[in-house]
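These are the residues of each chain, in order.
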Number of protein chains: 4
Amino acid sequence: MSEQTTARLLITCPDRPGIVSAVSSFFYNHGANITSLDQYATAPEQGTYFMRLEFQTPHLNVSRQVLPSTFQDAVANRYEMQWSLNFAADRKKMAILVSKHDHALLELLWRWSRQALHCDIHSVISNHPDLAEEVQRFGVPFYHVPFSAAERPAAEEKVQGLLQGADLVVLARFMQILSADFVAPWTHRMINIHHSFLPAFVGANPYQQAYDKGVKLIGATAHYVTADLDQGPIIEQSVQRVSHRHDVDSLRALGQEMERQALARAVRWHLEDRVLVHANKTIVFD
Amino acid sequence: MSEQTTARLLITCPDRPGIVSAVSSFFYNHGANITSLDQYATAPEQGTYFMRLEFQTPHLNVSRQVLPSTFQDAVANRYEMQWSLNFAADRKKMAILVSKHDHALLELLWRWSRQALHCDIHSVISNHPDLAEEVQRFGVPFYHVPFSAAERPAAEEKVQGLLQGADLVVLARFMQILSADFVAPWTHRMINIHHSFLPAFVGANPYQQAYDKGVKLIGATAHYVTADLDQGPIIEQSVQRVSHRHDVDSLRALGQEMERQALARAVRWHLEDRVLVHANKTIVFD
Amino acid sequence: MSEQTTARLLITCPDRPGIVSAVSSFFYNHGANITSLDQYATAPEQGTYFMRLEFQTPHLNVSRQVLPSTFQDAVANRYEMQWSLNFAADRKKMAILVSKHDHALLELLWRWSRQALHCDIHSVISNHPDLAEEVQRFGVPFYHVPFSAAERPAAEEKVQGLLQGADLVVLARFMQILSADFVAPWTHRMINIHHSFLPAFVGANPYQQAYDKGVKLIGATAHYVTADLDQGPIIEQSVQRVSHRHDVDSLRALGQEMERQALARAVRWHLEDRVLVHANKTIVFD
Amino acid sequence: MSEQTTARLLITCPDRPGIVSAVSSFFYNHGANITSLDQYATAPEQGTYFMRLEFQTPHLNVSRQVLPSTFQDAVANRYEMQWSLNFAADRKKMAILVSKHDHALLELLWRWSRQALHCDIHSVISNHPDLAEEVQRFGVPFYHVPFSAAERPAAEEKVQGLLQGADLVVLARFMQILSADFVAPWTHRMINIHHSFLPAFVGANPYQQAYDKGVKLIGATAHYVTADLDQGPIIEQSVQRVSHRHDVDSLRALGQEMERQALARAVRWHLEDRVLVHANKTIVFD
């Protein structure tokens, strides 16, 4: 499917008979060719309904500008829908916040550079200068913003300014706790990779926690960021078997593979408009 | 979702714009509440289109008897659809063919007895008498049909007779090769579990083959049976890590867990009308 | 390896140079053929050292009765070893406590009945009468001991009495909380299956908790029981991918497969003397 | 464990009682501290025996130069051992052959640059010039050697010359078939990554083959190279679930993750002297 002709609609609404029929007929009548349709309802009746529609636009008989209001009037109002329409050609701008660990960052830049993540890289921002060179090799702007205790509010303000124009912020092992105020404007548009299988091992140094507990599997969790640390909606999790032979360092090395994998998937799904959030949980139409 | 009110429609047709709209509108207009809809096309354009629709029947405004012809006239003809409509309450009748190994058979009977497989057990037929008692404990009829070389054609005829009235035949480690004639009436209604990760290790004694080759993963494959041995459409595969420490016996023991898992899933999907076949491959709407 | 000739030695001691040499030379000099040797130390130096030795006894030049004291005098004293010696032919006697869910129980009985678990079944004890018939089919004694609130201490006493002679107690989804006093005599000889990926979802109804949290993987944990609920040393964990489409019931159904798998492995490892405990964690020489 | 003080011994010999005792006593008596010992025999009796010993050298009472001949005289002769002794500080020199696909190459360079692969990079050689810049960024020499049909023998000769001094050659998706003569000097020192779960889909374009067959899992295989294409001893395999929704391109994208994972593991195991070969199969002491 060409990126130029692909559009995606995400819908959330109270479940009622007739939704698929109304939506699919609307798009058919307007010349859109539906190439993918996923739906889910939280309950057989009276639940909340979710839909993801992917369609091709070459034969659309209304302009892209007019399509939204037409849909609102013809369908969305009647079913009390919350919805968003995205054209794949309008690539999302992804900013990445990182500290010193480069594995999650590089996984994203690497996939992006080989067209496996369809987005633009807006910027990389770090509280350490260490990764500047590595980032700039990819032709991506790098900003160093120190986060010492004294200057934290100023630092957050500066970062918020740098993020202007971004559509998605990824915390690729950013080791600073961000304030609720900072996070607020990025609801369901900020993804964090936590280096444990949440809700196990919330908080600091999860590999040490996993080692102390003697678990037989370690994991990583990609989730949307909310004010409540490590409690946001989970998008993806990966796990890997370990044994008593793994010390904290080798747990960390293995875990970093899980982090790369889980984060890369979560980011791709977000970029392809595959993730909806409801009741602090995600619906992922993968 | 109550089994009493659930119906499922499977469609295969040439891909064309308007199918979702036509189908969903038809059911909406006839009072059916669509609770699940999956679709897939083999190509962005000009491909083959597949749909699975699950809907609830309480408010249907046509009788179950009339629904098929109404759908044929109103929708199926226009789109050249091949389709089948199943009511969950009409439980499929499953027959099981087995030899001496009981693990795959027992996994199915066990799940069935705890309502995890929604079907009736039609019968269990074996070329050995060994498992009679174990099967009868479940209140299931057991038939012993010897398959010695001399009496093979007669044996096949006898089994074919016993299978009268079955909707699905499962070869749960049935160690006799069945003739093309025997198999023919059961196209896409006969499931075999092969004890390897096909297409690796076709044929006899795959665990010995896997051991000789020194693979690091072993698997099992559930597939529809065709005249061509071990070449039918694959429904499900499971794998498990192994190492040089596994001898043929321990590969077999581990592999039997994979067999149980893959077969149980494949059978459940078939019973729930989740499997379509096209070009010797399956589309599984799981 | 024949069960009749196999013996296993488990050792824990302060790590020091020369242990492997001393142990392997001792057994070589006494005619034992070492067929498996695993070792692990918690640190490169000054750590705690663990060894599992499997050897064949046909050419042993001391009697089985004398071997322990000879080993104690010749090797164990010098290295301050804690150790245990087990002959595979002395099968452990396994008791199983269960409530109403039969899946974990049946997995164990089933594997046992096909010689995949090398033990004797001592008894099955339940606080409900429901599973009596199913257990007796296997030729295994079943005891029903009600656990109503009023009679709990008496019930525990009765169960403790029934467990006389058992070597291992498995809680195969036993839904009563056992007192510290009850548990005390069974340190590292009582295995529980918890229906979550611990330490996530400690306590009651973990599938509901997992559903509410929206995790993308569910699991099961087999662990030794300690006075502290769900906090004992973890022996094995299994996980399985899930999605938003899984409701609590389907999480439970999938989870039960994980429970069966994790418990069966943990029990087998214990029976084969593959598990050592140190600092509330297990060393599993699998 | 410090790389400076770590040594590893690999042994293959006919199985006989007394080997562990002889080897461990030898090293203990010469002041080596054994920090890891793994063994395996192909049969309970009369089989072939394999051992990997890791020990620390600080208190060795013979020189590293004299140790080999001492071991040969004192132990190896008696047990007809084939053996090799490696000091971790003598890092292996790894050469990489690659064509146009960069994912496997970059995974190796990336891990190497972050000290996750303990080796020196000898060189990267390609039949295409495309990856020169990317390789040189890592400070690694890059050689372009065209492999057109006419000049193949000359090209092989040139590459063989460039490989002078390498200890290990990795074919990181090198798309040229190498002659038996070229391969011969590198027995068990040349690792290839094949982009399928061998022995399924031998030969060209395995992702297309997997797609045509409709398998539900795809994989990758890292193996030692022998004259017989894709038939060498398997070191590691990885698999990943797929569905009918994956076209050839998305199978390839997913498969590349498996290739990276399987190859990186196989290379690490080889570098750490964890792999022995016997009867065209590997023993991996991981």
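Here is what the cut-offs are and how they apply
- Residues numbered from 1 in each chain as written.
- Chains lettered and ligands numbered in written order.
- Predicted model: local features only at pLDDT ≥ 70, side-chain atom pairs only at ≥ 80, totals over all residues.
- Heavy atoms only, no water.
- Helix = DSSP H or I, 4+ residues; strand = E, 2+ residues; numbered from the N terminus.
- Rg over C-alpha atoms; globule rule 2.2 N^0.38 Å.
- Buried < 20%, exposed > 50% of the residue type's maximum accessible area, 1.4 Å probe, protein only.
- 1 Å grid on protein atoms, 1.4 Å probe; cavity = no way out; pocket = protein on both sides within 12 Å on 5 of 7 lines; lining within 4 Å.
- Points joined across faces, edges and corners; volume = space filled by probe spheres on them.
- Contact = heavy atoms within 4.5 Å.
- Buried area = accessible area lost by both parts, 1.4 Å probe.
- Salt bridge = Lys/Arg side-chain N within 4 Å of Asp/Glu carboxyl O.
- Polar contact = N/O pair within 3.5 Å; in protein donor to acceptor, adjacent residues only side chain to side chain.
- Pairing = 2+ DSSP bridges.
- Axes fitted to C-alpha atoms, helices over the stretch in contact; angles between N-to-C directions.
- Least-squares fit on C-alpha atoms with pLDDT ≥ 70 in both.
- Domains from an automatic or database assignment.
- Nonpolar A, V, L, I, M, F, W, Y, C, P; charged D, E, K, R; others polar.
- Right-handed = clockwise from strand over helix to strand, strands pointing away.
- Phe/Tyr/Trp six-rings, centres within 6.5 Å; stacked < 30°, edge-to-face > 60°.

Remarks on the overall build of chain A
Scanning chain A for helices and strands turns up 8 helices and 13 strands. Radius of gyration (C-alpha) of chain A: 21 Å, near the 19 Å computed for a compact globule of 286 residues. C-alpha atoms of chain A, sized along the principal axes, occupy 60 × 40 × 35 Å. Sorting the 286 residues of chain A into buried and exposed places 58% on the buried side.

Observations regarding empty space enclosed by the protein
Applying the stated criterion across every chain, the model contains 9 cavities of 30 Å³ or more. Of the volumes computed, that of the largest cavity is approximately 170 Å³. Among the elements of the structure, α3 (103–113) of chain A together with α3 (103–113) and α4 (132–137) of chain D are those that each provide at least two residues to the lining of the largest cavity.

Let's talk about the interface of chain C and chain A
Every contact between the two is made by 34 residues of chain C and, on the other side, 34 residues of chain A. Between chain C and chain A, the buried area comes to about 2,900 Å², and carbon and sulfur atoms account for 54% of it. Contact with chain A buries surface across chain C, with K213, K216 and H244 of chain C losing the most and accounting together for 23% of the total. Taken together, the connections running from chain C to chain A amount to 2 salt bridges. In this structure, E236 of chain A and R241 of chain C form a salt bridge, with 2.7 Å as the shortest nitrogen-oxygen distance. Summed over the shared surface of chain C and chain A, the result is 16 residue pairs in polar contact (both at pLDDT 80 or more).

Thoughts on the sheet that holds strand β11 (residues 234–241) of chain A
All names here are of chain A. Taken together, the 7 strands give an open sheet; going across it, the order is β7-β6-β5-β8-β9-β10-β11, and neighbouring strands pair in mixed fashion. Each end of this open sheet is capped by a strand with a single partner; those strands are β7 (142–144) and β11. Between one strand and the next, the sheet's axes are offset by a mean angle of 15 degrees, whatever the strand orientation.

Digging into the relation of the copies chain C and chain A
Between chain C and chain A, the superposition needs a rotation of 180 degrees and an axial shift of 0.0 Å, giving an RMSD of 0.0 Å. The transformation just described matches what one would write down for a two-fold rotation axis. For chain C, the residue whose C-alpha comes nearest the rotation axis is A200 of chain C, separated from it by 2.3 Å. Of all interface residues in chain C, 100% are interface residues in chain A too; the two copies therefore contact each other through one and the same surface.

Some thoughts on the domain arrangement of chain A
All names here are of chain A. You can read the domains of chain A as domain 1 (6–87) and domain 2 (92–284). If you average the C-alpha positions of domain 1 and of domain 2, the two centres end up 31 Å apart. Interface area for domain 1 against domain 2, summed over the two sides, is near 830 Å², with a carbon-plus-sulfur share of 60%. Broken down residue by residue, the surface that domain 1 buries against domain 2 is led by L10, F50 and R52, which jointly contribute 51%. Scanning the region where domain 1 abuts domain 2 turns up 1 salt bridge. Among the salt bridges present, the one from D273 reaches R8, with a minimum N-O distance of 3.2 Å. Along the contact surface separating domain 1 from domain 2 lie 5 residue pairs in polar contact (both at pLDDT 80 or more). Secondary structure elements with two or more residues in the side of domain 1 that touches domain 2: β1 (6–14) and β3 (48–56).

So, the pairing of β3 of chain A
Residues and elements named next belong to chain A. Burial of β3 is extensive: 9 of the 9 residues sit out of reach of the surface. Two strands pair when backbone bridges link them, and β1 and β3 are joined in this way by 9 bridges, in the antiparallel orientation. Paired with L10 across the bridge in β3 is R52. Following strand β2 (residues 33–41), the chain reverses through 6 residues before pairing antiparallel with β3; Q46 in that reversal takes a positive phi of roughly 65 degrees.

Re unusual backbone geometry
Backbone torsion omega between L198 of chain A and P199 of chain A reads 10 degrees, so that peptide bond is classified as cis. Relative to the helices and strands, P199 of chain A resides in the loop between β9 (190–194) and α7 (206–213). The backbone of Q46 of chain B shows a phi angle near 70 degrees, a positive value even though the residue is not glycine. The topology assignment puts Q46 of chain B in the loop between β2 (33–41) and β3 (48–56). The exposure class of Q46 of chain B is exposed, given its relative accessible area of 74%.

Section: the interface of chain B and chain D
Counting from both sides, the interface comprises 34 residues of chain B and, opposite them, 34 residues of chain D. Regarding the contact of chain B and chain D, the summed buried area is about 2,900 Å², with carbon and sulfur atoms giving 54% of it. A per-residue breakdown of the area chain B buries against chain D is headed by K213, K216 and H244 of chain B, which together make up 23% of the total. Applying the counting rule to chain B against chain D returns 2 salt bridges. Our enumeration of links across chain B and chain D arrives at 16 residue pairs in polar contact (both at pLDDT 80 or more). The element best represented in the side of chain B that touches chain D is strand β11 (residues 234–241) of chain B, accounting for 7 residues. Among the residues forming the side of chain B that touches chain D, the class breakdown is 16 nonpolar, 8 polar and 10 charged.

A word on the relation of the copies chain B and chain D
Overlaying chain B with chain D gives an RMSD of 0.0 Å, the required rotation being 180 degrees about an axis along which the chain moves by 0.0 Å. Looking at chain B, 100% of its interface residues are interface residues in chain D too, so the copies touch through the same face.

Observations regarding the pairing of strand β6 (residues 120–126) of chain A
Residue and element names in this part refer to chain A. Within β6, 6 of the 7 residues are buried, which leaves it mostly tucked inside the rest of the structure. Pairing geometry for strand β5 (residues 93–98) and β6, over 6 bridges, is parallel. Looking across to β6, one finds that V98 is bridged to S126. Handedness of the crossover joining β5 and β6 through α3 is recorded here as right-handed. Pairing analysis gives 3 bridges linking β6 to β7, with the strands arranged parallel.

Topic: the packing of aromatic side chains
In this structure the tally under the stated criterion is 32 aromatic pairs over all chains. Judged by centre distance (5.3 Å) and plane angle (70 degrees), the ring pair of F26 of chain A and F71 of chain A falls under edge-to-face. Taken as a pair, F26 of chain A in helix α1 (residues 19–29) and F71 of chain A in helix α2 (residues 67–79) lie far apart in primary sequence, 45 residues in all. You'll find F26 of chain A and F71 of chain A in the same group, each marked buried. Ring geometry for F147 of chain D against F174 of chain D: centres 5.4 Å apart, planes inclined by 85 degrees, an arrangement best described as edge-to-face.

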